Amino acid sequence: MEHYDVTFKKKFGQNFLKRKVVVERIADVCSLTKDDLVIEVGPGGAILTQELAKRAGHVLAYEIDEDLKVELTNKLSEFSNVDILFQDFLNSSLEYDISRFSYSNLYFISNVPYYITTPIIMKIVNSNLNFKKICMMVQKEVGNRFCASPGSREYGSISVFLSYFYDVKKEFLVSRKEFVPEPNVDSVVISFTKKDVVLNLKDRDLFFKVVRDSFQFKRKNLRNNLKKYDLNIIRSVLQDYDYDLTVRAEQLSVEIFVAIANALAG
């Protein structure tokens, strides 16, 4: 059982894993080699960072809590292939930060701070970096949304965004009892593998906006949520898929949202 000589800070969502068997399972999701670079957010007490450093060529970790410097230095003293940047990941330039590393494959592997899970994944999506695989442990409820299929209660805009870019897979559940301090929720490890072929988009920003607006009010249909767009164009696209404007966004696949966005783009 891992011991941490730190004061846990709720404002940073600090819940550290206790057992190495869990971090070994997380690392196993990606077949790391010494030619690979791993980005980690929130190394905390370094239990996962240590395992990643054993397997990868380099680990670049972002930690916002500078009070963890002593703990991280002590726990990582034997590893020369780990760099810790004490800064906010969300305000960092990933392209610049990784430019000094040589690597064959780029991975993102992290037990992410749950309060910024969605901003983290959207920063990764928008970075346009070529991650071979993304593996993150998230709150179980959030993981269900990431993996959700059309027609399910959890399906939302983030489900559509992620399914456009990635094949999303639920790897395994992690009990709340595996953490210190123990959180109020269970967790799940999710992997994202970039699709070899993505659907053609005329305007990615418009696609994102249409999807967000479609889910703005989940109980309303597309006629109400998308009334500021050309409804005649949207109606024509929906008819091709045997739907009409009374359909709710949660029923539509990513392919249909792409078709709508492309039609609106002209």
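Residues numbered from 1 in each chain as written. Predicted model: local features only at pLDDT ≥ 70, side-chain atom pairs only at ≥ 80, totals over all residues. Heavy atoms only, no water.

Along the backbone of the protein chain there are 11 helices and nine strands. At 20 Å, the protein chain has a C-alpha radius of gyration in line with the 18 Å of a compact globule built from 266 residues. In terms of overall dimensions, the protein chain has a C-alpha envelope of 65 × 40 × 30 Å along the principal axes. Per-residue burial for the protein chain yields a buried fraction of 51% across its 266 residues. Surface summary for the protein chain: the accessible area is close to 13000 Å², and the carbon and sulfur share equals 45%. Charge centroids of the protein chain, computed over 37 positive and 35 negative side chains, lie 6 Å from each other. (Helix = DSSP H or I, 4+ residues; strand = E, 2+ residues; numbered from the N terminus. Rg over C-alpha atoms; globule rule 2.2 N^0.38 Å. Buried < 20%, exposed > 50% of the residue type's maximum accessible area, 1.4 Å probe, protein only. Areas by Shrake-Rupley, 256 points an atom, 1.4 Å probe, with all protein chains shown as cover. Lys, Arg positive; Asp, Glu negative; His and termini not counted. Charge placed at Lys NZ, Arg CZ, Asp CG, Glu CD.)

On to the pairing of strand 2 (residues 36–41), then. When you tally the buried positions in strand 2, you get six out of six residues, the bulk of the element. The side-chain alternation of strand 2 yields two buried faces, one formed by Asp-36, Val-38 and Glu-40 and the other by Leu-37, Ile-39 and Val-41. As paired elements, strand 2 and strand 5 (residues 105–111) share four bridges and run parallel to each other. The partner of Leu-37 across the bridge, within strand 5, is Leu-106. Relative to strand 3 (residues 58–62), strand 2 is paired through five bridges, and the arrangement is parallel. Across the sheet, the residue bridging to Val-41 is Tyr-62, located in strand 3. Regarding the hand of the β-α-β motif, the stretch spanning strand 2, helix 2 (residues 47–55) and strand 3 is right-handed. (Pairing = 2+ DSSP bridges. Right-handed = clockwise from strand over helix to strand, strands pointing away.)

Considering the arrangement of structural elements, one finds Thr-49 in helix 2. Assessed through its relative accessible area of 0%, Thr-49 is described here as buried. When residues no more than four places from it in sequence are discounted, the contact partners of Thr-49 are Glu-40, Pro-43, Val-59, Leu-76 and Val-82. (Contact = heavy atoms within 4.5 Å.)

Turning our attention to the sheet that holds strand 9 (residues 187–194). Pairing in this open sheet of seven strands is mixed, and the strands run 4-3-2-5-6-9-7 from one edge to the other. What marks the edges here is a single partner per strand, and that holds for strand 4 (82–85) and strand 7 (166–174). Between one strand axis and the next, the sheet turns by 15 degrees as a mean value, whatever way the strands run. Seen against the sheet, helix 6 (residues 140–147) touches strand 6 (131–139), strand 7 and strand 9 and runs at an angle of roughly 140 degrees to strand 6. (Axes fitted to C-alpha atoms, helices over the stretch in contact; angles between N-to-C directions.)

Summed over all chains, the structure comprises 13 salt bridges. Residue Glu-71 pairs with Lys-75 through a salt bridge whose shortest N-O separation is 2.8 Å. Pair noted here: Glu-71 and Lys-75 are both in helix 3 (residues 69–75), with a separation of four residues, about one helical turn. Each of the two residues, Glu-71 as well as Lys-75, counts as buried. Across the pair Glu-154 and Arg-153 runs a salt bridge whose closest N-O atoms are separated by 3.7 Å. Here the salt bridges do not stand alone but share partners, grouping Asp-28, Glu-51, Lys-54 and Arg-55 into one network. (Salt bridge = Lys/Arg side-chain N within 4 Å of Asp/Glu carboxyl O.)

Our focus in this paragraph is the side chain of Glu-40. Note on placement: Glu-40 falls in strand 2. Within the buried set, Glu-40 has no salt-bridge partner at all; the shortest N-O distance to an opposite charge, 12 Å, is to Lys-20. Once residues within four sequence positions are removed from consideration, Glu-40 is found in contact with Leu-48, Thr-49, Leu-52, Val-59, Leu-60, Ala-61, Tyr-62, Ile-109 and Ser-110.

To continue, consider the packing of aromatic side chains. Per the stated rule, a full pass over the model turns up 14 aromatic pairs. A centroid spacing of 6.2 Å and a plane angle of 50 degrees characterise the contact between Phe-165 and Tyr-166, whose relative ring orientation is tilted. Seen from their ring centres, Phe-165 and Phe-208 are 6.3 Å apart, and the 90 degrees between their planes marks the pair as edge-to-face. Of this pair, Phe-165 sits in helix 7 (residues 157–165) while Phe-208 sits in helix 8 (residues 204–214), and the two are 43 residues apart along the sequence. Assessed through its relative accessible area of 6%, Phe-208 is described here as buried. Taken together, the aromatic side chains of Phe-146, Phe-161, Tyr-164, Phe-165, Tyr-166, Phe-192, Phe-207 and Phe-208 make up a single cluster linked through ring pairs. The ring of Phe-86 carries the charged tip of Lys-69 above its face, separated from the ring centre by 5.2 Å. (Phe/Tyr/Trp six-rings, centres within 6.5 Å; stacked < 30°, edge-to-face > 60°. Lys NZ or Arg CZ within 6 Å of the ring centre and 35° of its normal.)

Among the nonpolar cores identified, the biggest contains 63 residues, and Phe-108, Ile-121, Ile-124, Met-136, Phe-207, Ile-234 and Ile-260 are the most heavily contacted of them. If one sorts the elements of this core by residue count, helix 11 (residues 254–265) sits on top with seven residues. Those residues within four positions of Phe-207 in sequence are excluded, and the remaining contacts are Val-160, Phe-161, Tyr-164, Leu-201, Val-254, Phe-257, Val-258 and Ala-261. By size, the runner-up hydrophobic cluster in this structure holds 30 residues, among which are Leu-17, Ile-47, Ala-56 and Val-189. (Core = buried A, V, L, I, M, F, W, Y, C linked by side-chain atoms within 4.5 Å.)

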